[in-house]
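Residue-level structural notes
For reference, the chains in residue letters:
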Amino acid sequence: MIYNHILEIVTITQHVKQEMEAHALQTRPAECCGLLAGDGHIITSVYRVRNEADKPETRYFASPEDLLAAMKRMRQDTQTMMGIYHSHPKSRAYPSKSDVELAFYSESIYFIVSLAEVETRAFRIANGEITSLAIVIAEAGGE
């Protein structure tokens with residue numbers, strides 16, 4: 001794994017940050033997961049999906065049915081999928097080896113909500129490389 005310094009920023013609304021963190025708290029000790037969407041410039045929507053992993057305390061596997069339903073709703077709302085999020089109930093907000101191995105969408109931004117440190121971080125994961133992104137919270141008018 002190669003770690004790069006912050007090269008990019010991602011903009012989300014305060015509502016999105018709060019919703020990801022609330023989902024993480026509600027599902028612990030299991031990991032939560034979901035999709036994030038917006039207009040291509042700012043993430044404004046959260047689509048929760050069920051975690052159907054065999055070991056949900058340490059892994060996530062998004063429900064295929066929920067993924068399809070979320071993608072359909074995004075199309076109906078003329079939104080673009082911009083990110084994927086999940087939680088780490090007991091570990092830091094940094095991609096695990098399995099997170100990197102399962103990062104199939106290199107164009108998406110991966111968010112991790114850590115309940116161990118109570119923080120939310122964003123990353124690009126492509127070809128085994130992890131790049132940390134700075135998260136900017138949009139002003140209320142940007143929602």
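Above this text is the structure in question.
For clarity, every value in this text was computed on a predicted model and none was experimentally measured. (Residues numbered from 1 in each chain as written. Predicted model: local features only at pLDDT ≥ 70, side-chain atom pairs only at ≥ 80, totals over all residues. Heavy atoms only, no water.)

Observations concerning unusual backbone geometry
At the junction of Arg28 and Pro29, the peptide bond is cis and its omega measures out at 20° in the coordinates. Examined against the element boundaries, Pro29 turns out to sit in the loop between helix H1 (14-27) and strand E2 (33-38). A positive phi is found at Thr78, a non-glycine position, where the angle reads about 50°. Of note, Thr78 is situated in the loop between helix H2 (64-76) and strand E4 (80-88). With a relative accessible area of 72%, Thr78 lands in the exposed category. In the Ramachandran plot, Val118 falls in the positive-phi region, its phi being about 50° despite a non-glycine side chain. Position of Val118 among the secondary structure elements: in the loop between strand E5 (109-114) and strand E6 (119-126). (Helix = DSSP H or I, 4+ residues; strand = E, 2+ residues; numbered from the N terminus. Buried < 20%, exposed > 50% of the residue type's maximum accessible area, 1.4 Å probe, protein only.)

Digging into the layout of surface pockets
In this structure, the largest pocket occupies an estimated 400 Å³ of space. Forming the boundary of the largest pocket are 17 residues, of which Tyr60, Ala62, Leu67, Phe104 and Tyr105 lie nearest the centre. Of all the elements in the fold, those that place two or more residues in the lining of the largest pocket are E2, H2 and E4. Along the lines of polarity and charge, the residues of the lining of the largest pocket split into 16 nonpolar, one polar and no charged. (1 Å grid on protein atoms, 1.4 Å probe; cavity = no way out; pocket = protein on both sides within 12 Å on 5 of 7 lines; lining within 4 Å. Points joined across faces, edges and corners; volume = space filled by probe spheres on them. Nonpolar A, V, L, I, M, F, W, Y, C, P; charged D, E, K, R; others polar.)

Re empty space enclosed by the protein
Evaluated as defined, the whole model comprises one cavity of 30 Å³ or more. Within this model, the largest cavity holds a volume of roughly 40 Å³. Forming the walls of the largest cavity are Glu31, Thr58, Arg59, Tyr60, His88, Ser96, Ser98, Asp99 and Leu102. Grouping the constituent residues of the lining of the largest cavity by class yields two nonpolar, four polar and three charged.

Points about the pairing of strand E3 (residues 42-49)
Looking along a regular strand, one sees the side chains alternate between the two faces of the sheet. For E3, a buried count of six out of eight residues is recorded, marking the element as mostly surrounded by other parts of the structure. Sheet analysis places E2 next to E3, joined by six bridges and oriented antiparallel. Looking at the pairing, Leu35 lines up with Tyr47 of E3. (Pairing = 2+ DSSP bridges.)

Quick look at the pairing of E6
For E5 and E6, the ladder comprises five bridges, and the chain directions are antiparallel. Counted as the bridge partner of Phe111 is Ala122 from E6. In textbook terms, the turn of a hairpin is the stretch between consecutive antiparallel strands, and for E5 and E6 this stretch comprises four residues, one of which, Val118, has a positive phi near 50°. The pairing of E6 with strand E7 (residues 129-137) spans five bridges and is classified as antiparallel. In the sheet register, Ala126 faces E7, and the bridge partner there is Glu129. Counted between consecutive antiparallel strands, the loop separating E6 from E7 contains two residues, among which Asn127 sits at a positive phi close to 55°.

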